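Analysis of the macromolecular model
Here's the letter readout for the chains.
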Amino acid sequence: MRNIAALFSMLMPGFGQIYNGQFMKGVFLLIVEHFDNAFGKINKAIHLDFNGLHQQAVEAANFDYLLFYPGFYAYCVWDAWYYAKPNADKTKTAIPFVIGGFLGEIGAILANRLPIPTLTVGMLMIIPMICGMIMFRNQ
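The present account deals with the structure reproduced in this document. Since this is a predicted model, take the numbers as computed values, not measurements.

Moving on: the overall build of the protein. Tallying secondary structure elements over the protein gives ten helices and zero strands in all. Secondary structure elements in the protein, listed N-terminal to C-terminal, are α-α-α-α-α-α-α-α-α-α. With respect to the three principal axes, the spread of C-alpha positions in the protein is 45 × 30 × 20 Å. Across the 139 residues of the protein, 44% fall into the buried class. Taking all contacts inside the protein whose residues are at least 6 apart in sequence as the whole, residues at least 24 apart take part in 64%. Here the protein displays about 7600 Å² of accessible surface, and carbon together with sulfur accounts for 70% of that area. Considering the protein, the positive charge centre built from 9 side chains and the negative charge centre built from 8 side chains are found 10 Å apart.

What follows covers the side chain of N37. Along the chain, N37 falls in helix α3 (residues 23-40). A distance of 3.3 Å separates the side chain of N37 from the backbone nitrogen of N43, its partner in a polar contact. If sequence neighbours within four positions are ignored, N37 has contacts with I42 and N43.

What follows covers the layout of surface pockets. There is about 560 Å³ of room inside the largest pocket. Forming the boundary of the largest pocket are 29 residues, of which I42, I46, Y69, T118 and M125 lie nearest the centre. Contributions of two or more residues to the lining of the largest pocket are made by α1 (2-11), α3, α4 (42-50), α5 (54-60), α6 (63-66), α7 (69-83) and α10 (117-135). Here the lining of the largest pocket takes eight residues from α10, the largest share from any one element. Here the lining of the largest pocket is built from residues that sort into 24 nonpolar, four polar and one charged.

What follows is about the packing of aromatic side chains. Here the structure, examined in full by the defined rule, presents eleven aromatic pairs. Considering the side-chain rings of W78 and Y82, the 5.0 Å spacing of their centres and the 15° angle between planes classify their relative orientation as stacked. Placement of both W78 and Y82 in helix α7 is noted, with a separation of four residues, approximately one turn of the helix. For the pair W78 and Y82, a shared accessibility class is recorded, and that class is buried. Members of the aromatic cluster, each reached through a chain of ring pairs, are F68, Y69, F72 and Y73.

For the rest of this paragraph, the subject is the packing of helix α9 (residues 95-109) against α10. In contact at an axis separation of 8 Å, α9 and α10 are set at 175° when each is read in the N-to-C sense. With respect to their mutual orientation, α9 and α10 come out roughly antiparallel. Here P96, F97, I99, G100, L103, G104, G107 and A108 of α9 lie close against α10, whose contacting residues are V121, L124, M125, P128, M129, G132, M133 and M135. Residue composition of the contact of α9 with α10, grouped by class: twelve nonpolar, four polar and no charged.

Basis of the calculations
Residues numbered from 1 in each chain as written. Predicted model: local features only at pLDDT ≥ 70, side-chain atom pairs only at ≥ 80, totals over all residues. Heavy atoms only, no water. Helix = DSSP H or I, 4+ residues; strand = E, 2+ residues; numbered from the N terminus. Buried < 20%, exposed > 50% of the residue type's maximum accessible area, 1.4 Å probe, protein only. Contact = heavy atoms within 4.5 Å. Areas by Shrake-Rupley, 256 points an atom, 1.4 Å probe, with all protein chains shown as cover. Lys, Arg positive; Asp, Glu negative; His and termini not counted. Charge placed at Lys NZ, Arg CZ, Asp CG, Glu CD. Polar contact = N/O pair within 3.5 Å; in protein donor to acceptor, adjacent residues only side chain to side chain. 1 Å grid on protein atoms, 1.4 Å probe; cavity = no way out; pocket = protein on both sides within 12 Å on 5 of 7 lines; lining within 4 Å. Points joined across faces, edges and corners; volume = space filled by probe spheres on them. Nonpolar A, V, L, I, M, F, W, Y, C, P; charged D, E, K, R; others polar. Phe/Tyr/Trp six-rings, centres within 6.5 Å; stacked < 30°, edge-to-face > 60°. Axes fitted to C-alpha atoms, helices over the stretch in contact; angles between N-to-C directions. Parallel < 35°, antiparallel > 145°, perpendicular 65-115°, else oblique.

Keep in mind that these numbers describe shape and distance, not what the molecule does.
This is how it looks when you write it as structure tokens:
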């Protein structure tokens, strides 16, 4: 159940919270995600990047909004994963998610130097979070 909530939030921040029964929080996070995604032009950057136009993808992104996204994304996934299990340990289980958000920020800052920026930044965020979900699955 925890991993399903986290997967839903990985697919779309806010869906994991809705899955957990936190409807208002989920809707709020969905609105914030859409606002940040639209103003940061994240989908446009992903589209350009996956079509081989890597430099144009970096130029299309609005970094004023884009730099907010990795931390927000990592928080949404952690929040859905954490609240899916009652009485979970909050202190150490957050570390992989913090690392994922931090690596996403560093990747976004260095995006113009990466070969496939959006995919690399995405993997920098998702891999530590999945490792954390596996490591702390019983806590």
